[in-house]
Each structure stands twice: as structure tokens, then as C-alpha cells.
Amino acid sequence: MDDLQPGLRRVSATDLSDVGDDPALLRRIRDEILATGPMPFVRFMELALYAPEGGYYRAASARPGREGDFITAPELHPIFGQTLSTAIEEIWRRLGEPTPFVLREHGAGTGTLGLAVLNELHRVRSPLLDAFRYAPIEIEPDRIGALESRFARSGWDGVLAAPGETGGDGMVLANEVLDALPVHRVRRRVDSLREVAIELGPDDGLVEVEIDPSTPALAARLASEAIELIDGQTAEICLALDAWIAAAVSSIERGVLLLIDYGAPAAALYDPVRRRDGTLRAYLRHQVHDDPYRHVGRQDLTAHVDVTAVERAAHAAGLTTIGITTQAEALMGLGIEGRLQAIQADPATTFEDYSLVRSALVRLLDPAAMGRFEVMAFGRDWPAPDEREPPLGLFSYRLPGRADRRC
Ligand SMILES: C[S@@+](CC[C@H](N)C(=O)[O-])C[C@H]1O[C@@H](n2cnc3c(N)ncnc32)[C@H](O)[C@@H]1O
């Protein structure tokens, strides 16, 4: 399947039958349905991921990583963060080397990406390190505590921004966060647009029903993107994007918003052949399936990001597009291949080290896996393109035959 993360396999839900649901969360969902009627899917997803009692992201421990439910690029190997540090330093230089320079990482998780960036800046003795402040942002406060302890153990607690600390120049970074924002699910039925909602079945289980759209914004979003779903087609629409992006960049006076995620421009995302059933997926113990109503509160739920909607939201928030590309192209442009060669040439590299980094690189670049993630950069008060300067490394490499921008 083209939608699977590398290393994941599609399974029948019975393989995960010992997992169960979060009982308190399921009770809350049932009570809300009993009190107010069918629950739009967007509300179900919000509760399943974010409810303080039982929501998947509110668990004390972050779940990316080999022990968790899925692996992300930063958790796969530090070479991802090391390579990204080149982009961060380049952005800092283009902005005139401001001090302080704050990197706000939304969905910082365990802090793995931030640590890889810092360790690399330290290794290359980057002058950015003197200006660097790191502000991790997480939905679950306990996770920030764990991240701070990890930074302290690594000797990097001095770079952590104090709560509420602001700095006008910097970057906002979110890797695999937008795909977790709650989405509405809609379905085309002949001439009308219906919204997917949840009801209680005869045995009190959760069953899908279709209701009138809960907001005209759903049809308006599709119309604004010239999308016409075909009869029976299901699609996800993330109306939360606009407010999320506006809030995320509100603290930046000058700088860059860098988003990396599963996604596609609207025309491809809503393709009636390839995406007839939408892109909603559930991740649990490194397996993926498409039943969001099992393992409630105990599995991750994601939907591909609408890159067209992201770009519009960024423009509405006062940003301009710097570039949009794939992760494979971005990492190639930032010189990830040269890093691999340097690791190979280093006499201190063991065979095991080399094998690990090489297999990580294959997964990061594979255009059928993480390599096709979208990398989207938007600037506020970003210097106008100057012909004398080369493009940012992030956007300097194009796979043969690919157009310059795809939105
Ligand atoms: C798929 S994980 C990615 C973690 C990390 N960025 C990485 O690449 O390894 C998503 C992370 O985003 C966090 N998250 C989800 N929604 C969020 C939101 N609205 N604001 C901040 N963090 C959020 C989750 O708690 C989780 O740690």
C-alpha cells in the first residue's frame, strides 16, 4: 500500500485484540453521544487523541520510537536532525545572524530532533549555538518535563527557552504534527455532501452514520480548491489548520515556518481513484489499519495534510511561500549523501554504525516511504530572493523530471 509508513504492515484488527480501549474515554464518548446525538468524526478524533483523560497524546510517555507505535524520521537516526541543522543554520544566516534565534518545535515529543540539531551545531562549532534558544511545545505538559530532564542529562538545559520567553527572530518547526490535527470526514452521496458521524449501535458499540454537514465551511473548503468528490468518495478536511498555523507563527516577527508531514496538494489528496476512501489511518505497535473506532485512546490517528490548504493558511497568517518539496529532495539538497560518505570514511565508524545509518538513509529518501513527505517552508519578513544567492539547501535539489513547485 502506498500510504503505509516504511516498516508498517496492514493488519486485520484481530491481531491487536488484546489492546482494548481506554474505558474512561469510551464512556465519555458514549455519554456525549447519548446527551447530544451523533458525534461528528472531528469531535471523536479530538477526544481520541487529545482528551485529558485517556486521549492518545495525553499519555505520560511519547510513543514515537522503536518501543512505541510508529517511528518518525528523527527517531529513526540522528542523521535526520544533523542534516536539518544545516537548513536551520542557513536560515539563521539569511536572516542576518540574529541573537537570540528561537527554534520553537511543536510536537517536540521526546526532544530527539532538538538534541540531534544541538549536538551537530556543537560538533561543527557553529556560531549559531551562541544565539540558539530551543522552545519545545507539546500537548501533554508531563512530556515537556521528561524532555527537560533529557536535555539536562545531555548538558543542554541552558538552551531551553523559559516559559513565555519570546524572541522576535526564529523558526517554528513541526515534524509529523499537522497530520494529527482533528479532521472532519465527508462523503459524497449523489448530489449532496454528507458528514461522517458516530452513533451508538445496538450493543453500544460505535457505528458510523452520515449527517448533514455540521458547518458550511466543509463544502466551502472543497469549492475553494475546485475539488468535486465523486459519488461514494470519502475525504478528510482539516479546518483546524488555519487557527493552528496562525497561532504557531504569532510569536515570530521574522523567520520561517517549516512543516514536514504526510500530505499532498488538494488535487492529488482528493484524487477520486487513488483516494476514494480518504487517508485516515490508525497506528499501533508499528502496524497500521484503517479502523479508527477500535483501540480508542490507545492508537494514533492521522490523516494526510492538504498542502494547498496549508499554503493558503500560511499566506492568511502573513507569510510567503519559500518553497515546497519532498523530504527526499530536501535532504539531498542539504547534503545527506555527503554525510553518509563522511561517516563511511571515518575510521571510528564500525560496520554496525554504518549499516544503521545507511538503512536509515534509504528509508528517509525512499520516494515510496518517508522520502515523499512534504517539506513546506514559509517566511515572515523573509529576504526577497537575490539572484546572487543560491536557493536554500532545502530547495536546491530536484529529482529529474519534477516541477519547481507543486501547489
Ligand atoms: C507523530 S509524533 C511526532 C513527534 C516528533 N515531532 C517526531 O518527529 O518524532 C506527534 C507529536 O505531536 C504532539 N502533538 C500532537 N498534536 C499536537 C498539538 N496540537 N500541539 C503540540 N503537540 C502536538 C504529540 O504529543 C506527539 O508528541
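Keep in mind that this is a model prediction, so the values were computed, not measured.

A. Molecular detail of the overall build of the protein chain. Tallying secondary structure elements over the protein chain gives 14 helices and 17 strands in all. Expected size for 407 residues packed as a compact globule is a radius of gyration near 22 Å; at 21 Å, the protein chain falls within 12% of this value. Reported as C-alpha extents along the three principal axes, the dimensions of the protein chain are approximately 65 × 45 × 40 Å. Here the protein chain holds 407 residues, and the buried ones make up 44% of them. A fraction of 78% describes how many contacts in the protein chain between residues 6 or more apart in sequence connect residues 24 or more apart.

B. Representation of the site of the ligand within the structure. Taken together, 19 residues are adjacent to the ligand, and Tyr57, Thr72, Gly107, Gly109 and Asn175 come closest. When residues of the shell around the ligand are traced back to their parent elements, those giving at least two are helix 3 (73-76) and helix 5 (112-123). Here the residues of the shell around the ligand sort into nine nonpolar, six polar and four charged. Counting contributing residues per domain, the shell around the ligand is built from domain 1 (1-70 + 184-237 + 264-303) and domain 2 (71-179 + 252-262 + 306-407), each supplying no fewer than three.

C. Up close: the confidence of the model for the protein chain. Per-chain confidence: the protein chain averages 92 in pLDDT, with 92% of residues scoring 70 or above. Note on residues 1-14: pLDDT under 50 across the span, and 27 contacts to partners over four residues away in sequence or across chains.

D. Representation of the domain arrangement of the protein chain in the model. Here the protein chain is described as being made up of domain 1 (1-70 + 184-237 + 264-303) and domain 2 (71-179 + 252-262 + 306-407). On a C-alpha basis, the centroid separation for the pair domain 1 and domain 2 is 28 Å.

E. View of the sheet that holds strand 4 (residues 132-137). The strand order across the open sheet formed by six strands is 4-3-5-10-17-16, and the pairing between neighbours is mixed. At either end of the open sheet lies a strand with only one pairing partner, and these are strand 4 and strand 16 (320-326). Neighbour-to-neighbour, the strand axes of this sheet turn through a mean angle of 15 degrees, independent of strand direction. Bridge analysis of strand 5 (residues 169-175) against strand 10 (residues 254-261) gives seven bridges, and the strand direction is parallel. The residue of strand 10 that forms the bridge with valine 172 is leucine 257. The sheet contacts of helix 5 involve strand 3 (101-106), strand 4 and strand 5, and relative to strand 4 the element is tilted by about 170 degrees.

F. Structural view of helix 7 (residues 141-153). Here helix 7 spans 19 Å end to end across 13 residues, near enough to the 18 Å set by a 1.5 Å rise per residue. For helix 7, the full list of buried residues reads Arg143, Leu147 and Phe151. Relative to the axis of helix 7, the buried residues are bounded by an arc of 80 degrees and lie together on one face. What points out from helix 7, more than 90 degrees from its buried face, is the exposed set Pro141, Gly145, Ser149, Ala152 and Arg153.

G. Spotlight on the pairing of strand 17 (residues 374-380). Among the seven residues that make up strand 17, six are buried, leaving the element largely enclosed by the rest of the structure. Relative to strand 17, strand 10 runs antiparallel, the two sharing seven bridges. Across the sheet, residue leucine 259 finds its bridge partner in strand 17, namely methionine 376. Across six bridges, strand 16 lies against strand 17 in antiparallel orientation. Across the sheet, residue threonine 320 finds its bridge partner in strand 17, namely glycine 379.

H. A look at the packing of helix 9 (residues 241-248) against helix 11 (residues 307-316). The N-to-C vectors of helix 9 and helix 11 enclose an angle of 45 degrees; their axes lie 9 Å apart at closest approach. By the angle between their axes, helix 9 is oblique relative to helix 11. As for how helix 9 packs across helix 11, the hand of that crossing is right-handed. Residues Leu241, Asp242 and Ile245 of helix 9 touch helix 11, and the partners they reach there are Ala309, Val310, Ala313, Ala314 and Ala316. For the contact of helix 9 with helix 11, a count of residues per class yields seven nonpolar, no polar and one charged.

I. Geometry of the environment of phenylalanine 373. Among the secondary structure elements, phenylalanine 373 is positioned in the loop between helix 14 (351-365) and strand 17. When the C-alpha positions of phenylalanine 373 and alanine 59 are compared, they lie 26 Å apart, and in sequence the two are 314 residues distant. Leave out the neighbours within four places in its chain, and phenylalanine 373 touches Ile260, Asp261, Tyr262, Thr326 and Gln327.

J. Fine view of the nonpolar core. Core analysis: the biggest nonpolar cluster contains 104 residues, and Leu257 and Val310 have the highest contact counts within it. Split by domain, this core shows at least three residues from each of two domains, domain 1 (1-70 + 184-237 + 264-303) and domain 2 (71-179 + 252-262 + 306-407). Excluding residues within four positions of it along the chain, valine 310 makes contact with Leu241, Leu259, Val305 and Met376.

K. Structural view of the environment of alanine 48. Mapped onto the fold, alanine 48 is located in helix 2 (residues 41-50). Here the alpha-carbon distance between alanine 48 and proline 182, two residues 134 residues apart in the chain, equals 9.5 Å. Not counting chain neighbours up to four residues away, the residues in contact with alanine 48 comprise Gly55, Tyr56, Val296, Gly297 and Leu301.

L. Representation of helix 1 (residues 23-36) in the model. If you check helix 1, its first and last C-alpha atoms are 20 Å apart, about what 14 residues at 1.5 Å a residue would give, namely 20 Å. Leu25, Leu26 and Ile29 are the residues of helix 1 that are buried. Each buried residue of helix 1 sits inside an arc of 100 degrees when the element is viewed along its axis, so together they form one side. Helix 1 presents Pro23, Ala24, Asp31, Leu34 and Ala35 as exposed residues on the side facing more than 90 degrees away from its buried surface. Those residues of helix 1 that are buried are in contact with strand 2 (39-40) and helix 2. Following helix 1 by one or two positions, glycine 37 has its phi on the positive side, about 95 degrees.

The rules behind the values
Residues numbered from 1 in each chain as written. Predicted model: local features only at pLDDT ≥ 70, side-chain atom pairs only at ≥ 80, totals over all residues. Helix = DSSP H or I, 4+ residues; strand = E, 2+ residues; numbered from the N terminus. Rg over C-alpha atoms; globule rule 2.2 N^0.38 Å. Buried ≥ 20, exposed ≤ 12 C-beta atoms within 10 Å, placed from the backbone. Contact = placed C-beta atoms within 7 Å. Near = placed C-beta within 6 Å. Nonpolar A, V, L, I, M, F, W, Y, C, P; charged D, E, K, R; others polar. Domains from an automatic or database assignment. pLDDT = per-residue confidence, 0-100. Pairing = 2+ DSSP bridges. Axes fitted to C-alpha atoms, helices over the stretch in contact; angles between N-to-C directions. Expected span 1.5 Å × (residues − 1). Arc of directions from axis to C-beta. Parallel < 35°, antiparallel > 145°, perpendicular 65-115°, else oblique. Left-handed = near helix turned anticlockwise from the far one by under 90°. Core = buried A, V, L, I, M, F, W, Y, C linked by C-beta atoms within 7 Å.

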